[in-house]
Amino acid sequence: PGQSNFAINFIMVKSGIVTLKVSYRSNSGYKEVGKVQNIEIVPGDISILTSKIVCLPSNNVMSDSTCIISALDKYGNKAGTKDQEGSFSIEATSVGLESVAGDTGSTTYTAPNIYKISVPIRVSSVDYTITARIVGERMLSTSKLRLLPGPIVASKSSVTCLERVPALSIGKCTVTGRDFY
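These numbers were taken from a predicted model, which means no experiment stands behind them.

Asker: How would you sum up the overall build of the protein chain? Please name residues and give values.
Answerer: Scanning the protein chain from terminus to terminus reveals 0 helices and 12 strands. Relative to a compact globule of 181 residues, whose C-alpha radius of gyration would be 16 Å, the protein chain shows 29 Å and is clearly more extended. With respect to the principal axes defined by its C-alpha atoms, the protein chain has extents near 120 × 30 × 25 Å. Within the protein chain, buried positions represent 27% of all 181 residues. Accessible area for the protein chain stands at about 12500 Å²; split by element, carbon and sulfur atoms hold 53% of it. Averaged over its 19 positive side-chain charges, the protein chain has a centre that lies 8 Å from the centre of its 14 negative ones.

Take a look at the structure:
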């Protein structure tokens, strides 16, 4: 007599281990029914709204730059697993230039929620905007990159001089140094 079963719904937005304490209100205040300890709250799916991307420029255009994606669920919890490495893609765009895709085969997962992808940008002194996609959906966060030129390569460089210079005067030549790209 006097026994009933009740269903209790609860929502936790931060991942971690929690304790749930259940009480009821009586005429003399709240009375504890019991508590359940060590409930594991796990992150939700990776969110395109809260996840972040930041790109670190290489020393120059001769090597790939690295972009780091911090995968978060909609509540800001660290999310993602190694199995999701192939879910990410990045693209570098700049006005008037072809877009550059990141090397998705180079994506690496480092616990607990960091994914690294390299991007082979070969045009220097240009502002690039880097966007990321998770399973084809574009993330809200973007990053910027601007790379320095590589070392001068003689075979790609040129020298032009005035074709005629009067005797005993200073001639002028222009050297246009270019890197490998």
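Okay, back to it.
Asker: So what about the pattern of salt bridges? Which residues, and what values?
Answerer: Going through the model one piece at a time under the given rule, you end up with 4 salt bridges. Two residues, lysine 21 and glutamate 32, come together in a salt bridge whose shortest N-O distance is 3.7 Å. With lysine 21 in strand E1 (residues 16-26) and glutamate 32 in strand E2 (residues 29-41), this residue pair connects regions lying 11 residues apart in the sequence. Overall, the relative accessible area of 54% leaves lysine 21 in the exposed class. According to the relative accessible area criterion, glutamate 32 is partly exposed, its value standing at 44%. Among the salt bridges present, the one from lysine 82 reaches glutamate 85, with a minimum N-O distance of 3.1 Å.

Thresholds applied
Residues numbered from 1 in each chain as written. Predicted model: local features only at pLDDT ≥ 70, side-chain atom pairs only at ≥ 80, totals over all residues. Heavy atoms only, no water. Helix = DSSP H or I, 4+ residues; strand = E, 2+ residues; numbered from the N terminus. Rg over C-alpha atoms; globule rule 2.2 N^0.38 Å. Buried < 20%, exposed > 50% of the residue type's maximum accessible area, 1.4 Å probe, protein only. Areas by Shrake-Rupley, 256 points an atom, 1.4 Å probe, with all protein chains shown as cover. Lys, Arg positive; Asp, Glu negative; His and termini not counted. Charge placed at Lys NZ, Arg CZ, Asp CG, Glu CD. Salt bridge = Lys/Arg side-chain N within 4 Å of Asp/Glu carboxyl O.

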